[in-house]
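# Chains, contacts and geometry: an overview
So you can see what is in the structure, the chains are spelled out below.
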Amino acid sequence: MGRVFDIHAVKSPNMLAMKFELPSLLLTKGAYTFSSRGEAQEQSPLATKLFGFDYVESVFIAKNFVTVTKKAEEPTWDEIMIDIRIVIKKHLEDGEALFNFDADAFAHSEPLEGKAGKIQDLIKRHIQPATWSDGGEINFDSYADGKVKVKLAGACITCPFAPRTLKHGVQVILDRAFPDEKLEVTSDDIDWTKTQAQ
């Protein structure tokens, strides 16, 4: 008998996203977003299966969870949650691969130095654990001319609370760490013309 996976569906602040959490690790490094069926077919057998549901918008695979984001409010999670959970559970229990590549090797990156490295470390230690608990992720992208750019993944991408997380989460931590320099946090993943930080 193969391994049995106990998967729990966990609501996120983003009503369009649901986190499917496991008690054990899927990945030891990195996290991966798949935003289309074509992208999934090239890289992830599990994501490919989930895109078999026409309401799936994106799939995010992280350390011990899979976040599925749907396209619209209908169908409701109550209608589709069990189907998604069954697909993930069967895939894992059948021992099928998550990816068509070596995730550990692909996730390797050199740590940054200087101020960029310190900012990256602050985000990893103080922000990422909270976003993981909500089924998403925020990563350091770049630092230049006083602007800190971050990338969003999983439930964070379409979450209405993402601007607040940036302005009252990341921004506050940066202000405390660099009191003599006014840094601005931003992200290309947020349409700032349609939403306001709360």
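Report on the accompanying structure. (Residues numbered from 1 in each chain as written. Predicted model: local features only at pLDDT ≥ 70, side-chain atom pairs only at ≥ 80, totals over all residues. Heavy atoms only, no water.)

### Some thoughts on the pairing of strand β4 (residues 56-61)
- Among the six residues that make up β4, five are buried, leaving the element largely enclosed by the rest of the structure.
- Of the strand pairs in this sheet, strand β3 (residues 32-34) and β4 are connected by three bridges, and their pairing is antiparallel. Bridge assignment links F34 to a residue of β4, and that residue is V59.
- Taken together, the five bridges between β4 and strand β5 (residues 65-70) define a ladder with antiparallel strand orientation. The partner of I61 across the bridge, within β5, is V66.
- Two successive antiparallel strands, β4 and β5, enclose a turn made up of three residues. (Buried < 20%, exposed > 50% of the residue type's maximum accessible area, 1.4 Å probe, protein only. Helix = DSSP H or I, 4+ residues; strand = E, 2+ residues; numbered from the N terminus. Pairing = 2+ DSSP bridges.)

### Section: the packing of aromatic side chains
- Evaluated as defined, the whole model comprises six aromatic pairs.
- Look at F34 and F99: their rings are 6.2 Å apart centre to centre, the planes differ by 35°, and that puts the pair in the tilted class. One end of the pair, F34, is in strand β3; the other, F99, is in the loop between α3 (77-93) and α4 (103-107), and 65 residues separate them in sequence. Taken individually, F34 and F99 each receive the classification buried, so the pair is uniform in this respect.
- By way of ring pairs, the aromatic residues Y32, F34, F99 and F101 are connected into one cluster.
- K19 extends its terminal NZ or CZ atom over the ring of F65, reaching a point 4.8 Å from the ring centre.
- One residue, K118, lies across the ring of F178, its end atom 5.0 Å from the ring centre. (Phe/Tyr/Trp six-rings, centres within 6.5 Å; stacked < 30°, edge-to-face > 60°. Lys NZ or Arg CZ within 6 Å of the ring centre and 35° of its normal.)

### A word on a negative patch on the surface
- A cluster of acidic residues, E73, E74, D78 and E79, forms a negative patch at the surface.
- When you line up the elements, E74 lands in the loop between β5 and α3. (Patch = residues over 30% accessible without salt bridge, like charges linked within 9 Å, V, L, I, M, F, W, Y side chains within 5 Å. Areas by Shrake-Rupley, 256 points an atom, 1.4 Å probe, with all protein chains shown as cover. Salt bridge = Lys/Arg side-chain N within 4 Å of Asp/Glu carboxyl O. Lys, Arg positive; Asp, Glu negative; His and termini not counted. Charge placed at Lys NZ, Arg CZ, Asp CG, Glu CD.)

### Let's talk about the nonpolar core
- Formed by 28 residues in total, the largest nonpolar core has its most connected members in I61, V66, I84 and I88.
- At the level of secondary structure, the elements contributing two or more residues to this core comprise β2 (17-21), β3, α2 (45-50), β4, β5 and α3.
- Counting residues per element, this core draws most heavily on α3, at five residues.
- In contact with I61, other than residues within four places in its own chain, are L26, L27, A31, Y32, F34, S44, L46, V66, L98 and F99. (Core = buried A, V, L, I, M, F, W, Y, C linked by side-chain atoms within 4.5 Å. Contact = heavy atoms within 4.5 Å.)

### Section: the sheet that holds strand β8 (residues 184-186)
- Taken together, three strands build an open sheet; the order of strands is β6-β7-β8 and the sheet is mixed. Edge positions in the open sheet fall to β6 (136-144) and β8, since each of these has one partner strand only. Direction aside, the axes of adjacent strands within the sheet are offset by 25° on average.
- Sheet topology note: the strand β7 (residues 147-154)/β8 ladder contains three bridges and is parallel. (Axes fitted to C-alpha atoms, helices over the stretch in contact; angles between N-to-C directions.)

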